[in-house]
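# Survey of secondary and tertiary structure
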Amino acid sequence: ILLLATLNPVASNENLALLALRNDLYFKHADFTPENLRNYLFFCGISNSEIVFKQAKLETAHFKSGIFKKYNNLFGMKVATKRETTATGFILADFGKVATYSHWTESVKDYAIWQSVQSAKFSTENYYDFLEKSGYATNPEYNKILKGIK
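In this text, all values refer to a predicted model and were calculated from it rather than measured experimentally.

Evaluation of the coordinates by the stated rule reveals 14 aromatic pairs. Note on F53 and F63: the rings are 5.9 Å apart at their centroids and 55 degrees apart in plane angle, and the pair reads as tilted. Here F63 lies in the loop between α3 (49-59) and α4 (66-71) and F53 lies in helix α3, a separation of 10 residues in the sequence. Taken as a pair, F53 and F63 share a single burial class, namely buried. Judged by centre distance (6.1 Å) and plane angle (70 degrees), the ring pair of Y111 and Y136 falls under edge-to-face. Taken together, the positions of Y111 in helix α5 (residues 104-119) and Y136 in the loop between α6 (127-133) and α7 (142-147) put the pair 25 residues apart, joining distant regions of the chain. Residue Y111 is classed as buried on the basis of its relative accessible area of 0%. For Y136, a relative accessible area of 15% puts it in the buried group. A network of ring pairs unites the aromatic residues F32, Y40, F43, F53, F63, F68 and W104 as a single cluster. Lying over the aromatic face of F53, R38 brings its terminal NZ or CZ to 3.8 Å of the ring centre. The residue whose ring lies beneath K97 is F90, and the NZ or CZ to ring-centre distance is 4.8 Å.

Definitions and limits used
Residues numbered from 1 in each chain as written. Predicted model: local features only at pLDDT ≥ 70, side-chain atom pairs only at ≥ 80, totals over all residues. Heavy atoms only, no water. Phe/Tyr/Trp six-rings, centres within 6.5 Å; stacked < 30°, edge-to-face > 60°. Helix = DSSP H or I, 4+ residues; strand = E, 2+ residues; numbered from the N terminus. Buried < 20%, exposed > 50% of the residue type's maximum accessible area, 1.4 Å probe, protein only. Lys NZ or Arg CZ within 6 Å of the ring centre and 35° of its normal.

As structure tokens, then:
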């Protein structure tokens, strides 16, 4: 169960920190489900989370790819060399060194780091343009395919 804070003007920072810790501990032990992914995207403050959820579906062939099932990589993230990362290693794939993660939540955290770094360089006002300009969408049809995912 996801524990969300209510808007309480007397809620202390300590209580909010404890709530965040409980949520993070819950997700670290939670099995992957699409619902848990949606909730964790929200919990991590991922911008444009509905589009990002579609990215996960696309990058994992609807959560069935080997890279996801075996290595917990939800977004086809390559190994980061110029930013912080939560990856634990990498595997060699047809398209380069692909990051591996200890748990699916670490993949989401890594995406959040990537998004934060890239949003400092590019506007996220139109997220589809952001994906193209940031270099994430290397297939010229990526955004068209992504928009078609339900």
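There is more to say after this.
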